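# Architecture at a glance
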Amino acid sequence: MEPIIHLNGVSMIYGGNGTRATALSGVSFDVRPGEYAVITGESGAGKSTLLAILGGLQIPSEGTVRIHGVDLSALPSDGLADFRRETIGFVFQAYHLLPYLTARENVMVPMSPERVSPGEKVERADSLLAAVGLDGKEDRLPSQLSGGESQRVAIARALVHDPPVLLADEPTGNLDSATGEQILDLFSGLNGRGKTVLMVTHNPANLARATRSIRLRDGRVEEDRILAPLAV
Amino acid sequence: MNIRKLAWKNLLRRKSRAVFTGLGIFLGIATFVAISSITSQMEGAVQDQLDRFGANIVVSPRAERLSLGFGDIALGGTEVAHSRLAIADKERIASIHHKDRIRSVVPFILAASDVSGKNLVWMGLPSTDLAIARPWWKITGSPVRERGEVLLGAEAAAMLDKGPGGTVTAGNRLYRVAGVLHPTGEKEDGMVIADIGDVQSLAKNPGAVTYFEVAALCKDCPVEDIVAQIGQALPGARVSAIRQVVESRKAAVDQLRRLGFGVSSIVLLIGGLMVLVTVMGGVQERTREIGVLRAVGFRTRSIFSLLFWETGWVSLLSSLLGAATGIAAAYLVAPSFGIEHPGIRMLPALLGTAAGLVLGLLGAVPPARRAAALSPTEAIRTL
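Residues numbered from 1 in each chain as written. Chains lettered and ligands numbered in written order. Predicted model: local features only at pLDDT ≥ 70, side-chain atom pairs only at ≥ 80, totals over all residues. Heavy atoms only, no water.

Scanning chain A from terminus to terminus reveals 6 helices and 10 strands. Within chain A, the fraction of its 232 residues that count as buried is 54%. Long-range contacts, defined as pairs at least 24 residues apart, comprise 70% of the intrachain contacts of chain A with a sequence gap of at least 6. For chain A, the accessible surface area stands at approximately 9,600 Å², while carbon and sulfur atoms represent 47% of it. (Helix = DSSP H or I, 4+ residues; strand = E, 2+ residues; numbered from the N terminus. Buried < 20%, exposed > 50% of the residue type's maximum accessible area, 1.4 Å probe, protein only. Contact = heavy atoms within 4.5 Å. Areas by Shrake-Rupley, 256 points an atom, 1.4 Å probe, with all protein chains shown as cover.)

Now the structure itself:
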């Protein structure tokens with residue numbers, strides 16, 4: 001099976017002469033479609049930088065990144081934006097919902113620049129909100145939602161273009177354990193429906209649902225373990 | 001949800017910032033519209049007032065200067081008139097095509113005559129036209145109101161040692177001194193001013209006129225057209241515009257226009273800078289939000305579009321409000337600028353609204369460029 005994510009010799013070096021900081025150094029691995037990979041490591045290990053590179057938010061200093069058949073280093077700024085919109089769904093720890101928009105409007109934000117009829121946008125947003133268990137809460141502002149509900153809205157927003165890859169950075173970091181479990185259930189469900197999930201986490205409990213674990217240390221892959229066989 | 005609605009929602013969320021951004025545009029456009037509206041109305045008012053203030057065309061007999069001499073000996077020269085002017089010519093001047101542009105035609109006669117033993121020049125004009133022809137004269141006593149009265153120039157009064165209420169004699173007739181002119185620095189200071197009929201009698205030349213002074217209202221028509229038409233009506237006359245008067249009127253109005261343009265430009269510039277500073281501050285504040293939008297797939301053009309819509313909404317609303325305020329302010333203060341019949345000028349309002357919109361959008365260009373250039377990782381770093 002062709003990998004959906006292919007990293008080869010990826011390094012990321014910040015700063016210039018005298019202030020160089022190496023965030024990633026020669027990272028290489030492949031991820032197959034449908035995998036649920038958990039990326040762990042101490043603070044400063046390079047997890048967030050790796051996620052930014054995988055999401056096309058940053059271009060590595062060295063190495064190649066191919067996702068869904070696209071070489072990210074060959075894309076211009078707007079090409080990367082199109083790639084993010086069509087291929088990647090981001091879920092952030094702090095949700096990053098726009099506080100002045102309702103749940104439905106937040107889900108519709110990625111569709112704002114598109115020439116799609118307002119009715120179609122609403123229909124798609126409402127069906128995604130229903131899918132993440134927020135039926136009836138479409139018109140609530142983020143301030144009227146709990147942390148778990150806000151994260152569900154963020155997941156619905158990430159799914160709005162039906163991307164093949166979901167990237168999540170500590171999605172349960174701001175939630176209590178019970179709510180965190182529900183969110184992880186959601187990710188498991190999405191993975192079960194064919195989405196490739198890469199999740200950065202500090203929490204070893206998250207490993208229970210993953211099929212693979214990649215541990216980073218000082219910008220390098222310290223351990224790459226298959227936790228469960230990938231269903232074919 | 002589209003970018004236009006997203007921009008509008010963000011404005012509603014940050015009302016105080018939106019108000020502050022719009023304040024610069026509002027003040028700039030209100031000032032621009034008020035000043036433009038007032039200066040445009042003042043141009044007419046100033047021109048009207050200037051037109052009322054004295055003549056700008058002189059009609060005199062066409063004459064040629066002849067040099068007299070005998071051999072190499074020069075004996076001076078004299079002017080030989082081809083024709084004479086008469087009181088009846090006033091009607092012909094007043095009947096030209098642009099007659100509605102002629103405010104007054106005042107006949108003058110000049111004659112030298114003995115006054116109480118002194119040889120002085122007499123200036124005659126219809127006593128009823130004195131206030132029209134010389135509105136700036138200041139008189140001790142009263143002006144000439146009827147025949148038999150004279151007004152003495154300041155130097156003539158000193159020479160004759162006469163004042164208001166005194167009498168002078170000329171041509172075996174007694175004239176009452178109605179008043180004395182304050183010094184003007186002109187030739188009138190040495191003259192005796194009387195009703196035209198009295199001076200014609202003294203000169204034994206009834207109906208004669210030395211020259212006409214014509215006051216033309218030249219706001220919308222070139223004075224040259226009126227000069228040409230009078231020349232056609234009086235073929236034997238020399239008709240000349242007092243160029244200095246015409247030019248000084250144009251200069252006064254031009255200065256007014258330049259002043260208005262200068263003040264408006266400065267205020268608009270300040271308004272534009274306010275937009276730039278506040279939108280730039282807004283971009284700084286929203287780094288994370290813009291990063292998130294970039295992360296979910298907004299292209300640079302979409303970020304540009306978002307900021308332009310936001311600034312566009314603010315600029316449009318504040319420009320419309322500024323234009324309305326400017327019109328109202330101009331209307332209310334117009335009387336204190338000498339505008340007797342204030343009106344509403346739509347052109348400055350339309351120009352002001354368009355200028356406010358353009359200025360606001362221009363002010364948003366640097367912040368929008370900065371926002372579009374923001375790396376999405378700025379947002380990721382805040383995770």
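Having seen it, we continue.
It is worth spelling out the overall build of chain B at this point. From N to C terminus, chain B includes 12 helices and 14 strands. Across the 383 residues that make up chain B, the buried fraction comes to 47%.

So, about the packing of aromatic side chains. The full count for this structure, using the stated rule, is 6 aromatic pairs over all chains. Aromatic side chains A:Phe90 and A:Phe92 sit 5.7 Å apart centroid to centroid with 5° between the ring planes, which places their arrangement in the stacked category. Here a set of aromatic residues connected by ring pairs shows up, and it is made of B:Trp8, B:Trp309 and B:Trp313. Between B:Arg4 and the ring centre of B:Trp309, over which it is positioned, the NZ or CZ distance is 5.6 Å. (Phe/Tyr/Trp six-rings, centres within 6.5 Å; stacked < 30°, edge-to-face > 60°. Lys NZ or Arg CZ within 6 Å of the ring centre and 35° of its normal.)

All names here are of chain B. Of all 9 residues that make up helix α9 (residues 287-295), 8 are buried, and the element is covered over most of its length. Within the span of α9, buried status applies to Thr287, Glu289, Ile290, Gly291, Val292, Leu293, Arg294 and Ala295. Backbone geometry just after α9 places glycine 297 at a positive phi near 110°.

What follows concerns the interface of chain B and chain A. Each side of the interface is counted separately: chain B has 28 residues, and chain A has 28 residues. In this structure, B:Lys5 and A:Glu105 form a salt bridge, with 3.8 Å as the shortest nitrogen-oxygen distance. Between chain B and chain A we count 8 residue pairs in polar contact (both at pLDDT 80 or more) in total. Contributing elements (two or more residues each) for the side of chain B that touches chain A: α1 (3-13), α9, α10 (300-333) and α12 (377-381) of chain B. (Salt bridge = Lys/Arg side-chain N within 4 Å of Asp/Glu carboxyl O. Polar contact = N/O pair within 3.5 Å; in protein donor to acceptor, adjacent residues only side chain to side chain.)

The next thing to look at is the pattern of salt bridges. A full pass over the atoms with the stated rule returns 25 salt bridges over all chains. Here A:Asp224 and A:Arg212 are joined by a salt bridge, their closest N and O atoms 2.8 Å apart. Here the residue A:Asp224 occupies a position in strand β10 (residues 220-226), and A:Arg212 occupies one in strand β9 (residues 212-217), the gap between them amounting to 12 residues. Using a relative accessible area of 37% as the deciding quantity, one classes A:Asp224 as partly exposed. Here the salt bridges do not stand alone but share partners, grouping A:Asp82, A:Arg85, A:Glu86, A:Glu114 and B:Arg299 into one network.

This paragraph deals with helix α7 (residues 223-233) of chain B. By the burial criterion, the buried members of α7(B) are B:Val223, B:Ile226, B:Val227, B:Gln229, B:Ile230 and B:Ala233. The arc that holds the buried residues of α7(B), viewed along the axis, is 165°, so those residues lie on one side. (Arc of directions from axis to C-beta.)

Moving on, we get to the side chain of A:Ser150. Residues and elements named next belong to chain A. Turning to its location among the elements, serine 150 is positioned in helix α5 (residues 147-158). A relative accessible area of 4% places serine 150 in the buried class. Setting aside its immediate chain neighbours within four residues, serine 150 contacts Tyr95, Leu97, Pro142 and Leu145.

Residue and element names in this part refer to chain B. Between α10 and helix α11 (residues 346-373), whose axes approach to 7 Å, the crossing angle comes to 150°. Our classification of the angle between α10 and α11 gives roughly antiparallel. Pair α10 / α11 crosses with right-handed handedness. By residue class, the composition of the contact of α10 with α11 is 18 nonpolar, 8 polar and 1 charged. (Axes fitted to C-alpha atoms, helices over the stretch in contact; angles between N-to-C directions. Parallel < 35°, antiparallel > 145°, perpendicular 65-115°, else oblique. Left-handed = near helix turned anticlockwise from the far one by under 90°. Nonpolar A, V, L, I, M, F, W, Y, C, P; charged D, E, K, R; others polar.)

What follows concerns the sheet that holds strand β7 (residues 165-169) of chain A. Residues and elements named next belong to chain A. Judged by pairing direction, the sheet is mixed, and its 6 strands sit side by side in the order β6-β7-β8-β3-β9-β10 without closing on themselves. Of all the strands in the sheet, the pair left with one neighbour each is β6 (88-91) and β10. Between one strand axis and the next, the sheet turns through 15° on average, direction left out of account. Against the sheet, helix α1 (residues 47-54) touches β3 (36-41), β6, β7, β8 (196-200) and β9, its axis set at about 155° to β7. (Pairing = 2+ DSSP bridges.)

This part is about the nonpolar core. One finds A:Ile155, A:Phe187 and B:Leu6 to be the most contacted residues of the largest nonpolar core, which totals 52 residues. Apart from the residues within four sequence positions on either side, B:Leu6 is in contact with A:Leu98, A:Tyr100, A:Leu101, A:Val109, A:Ser112, B:Met1, B:Phe298 and B:Leu306. (Core = buried A, V, L, I, M, F, W, Y, C linked by side-chain atoms within 4.5 Å.)

The next thing to look at is the confidence of the model for chain A. Looking at chain A, pLDDT values average 89 and 99% of them are 70 or higher. When pLDDT is averaged over each helix and strand of chain A, the minimum, 87, is found for helix α6 (residues 177-192) of chain A and the maximum, 94, for helix α3 (residues 103-108) of chain A. (pLDDT = per-residue confidence, 0-100.)

This paragraph deals with the sheet that holds strand β1 (residues 5-14) of chain A. All names here are of chain A. Strands sit in the order β2-β1-β4-β5 across an open sheet of 4 strands; the sheet is antiparallel. Of all the strands in the sheet, just β2 (21-31) and β5 (70-71) have a single pairing partner and so form its edges. On top of the sheet, α1 reaches β1, β2 and β4 (62-67); it is set at about 125° to β1, its chief contact.

Residues and elements named next belong to chain B. The buried fraction of strand β11 (residues 191-195) amounts to 5 of the 5 residues, a majority that puts the element mostly inside the structure. In terms of strand pairing, strand β6 (residues 118-125) meets β11 through 5 bridges, oriented parallel. Bridge pairing links valine 121 to methionine 191 in β11.

Before going further, it helps to spend a moment on the environment of B:Asn119. Residues and elements named next belong to chain B. In this structure, asparagine 119 sits in strand β6. Taking the C-alpha atoms as reference points, asparagine 119 and alanine 170, 51 residues apart in sequence, are found 9.9 Å from one another. Residues within four places of asparagine 119 in sequence aside, it is in contact with Ala112, Ser113 and Asp114.

Residues and elements named next belong to chain B. A surface patch of nonpolar side chains, amounting to about 730 Å² of accessible area, comprises Tyr331, Leu332, Val333, Phe337, Ile344, Met346 and Leu350. Those elements giving two or more residues to the nonpolar patch turn out to be α10 and α11. The dominant element in the nonpolar patch, judged by the number of residues it contributes, is α10, at 3 residues. Along the chain, isoleucine 344 falls in the loop between α10 and α11. (Patch = residues over 30% accessible without salt bridge, like charges linked within 9 Å, V, L, I, M, F, W, Y side chains within 5 Å.)

Residues and elements named next belong to chain B. Here glycine 260 is to be found in helix α8 (residues 243-285). On the basis of relative accessible area, glycine 260 is assigned to the buried category, the value being 7%. Separated by 222 residues in sequence, glycine 260 and isoleucine 38 place their C-alpha atoms 8.7 Å apart. Those residues in contact with glycine 260 that lie beyond four places of it in its chain are Ile35 and Thr39.

Residues and elements named next belong to chain A. Within the element layout of this structure, glutamine 151 appears in helix α5. Among the polar contacts made by the side chain of glutamine 151, one reaches the main-chain carbonyl oxygen of phenylalanine 92 at a distance of 3.0 Å. Once you skip the residues sitting within four places of it in the chain, glutamine 151 turns out to touch Val91, Phe92, Gln93, Tyr95, Pro171, Leu175 and Ile183.

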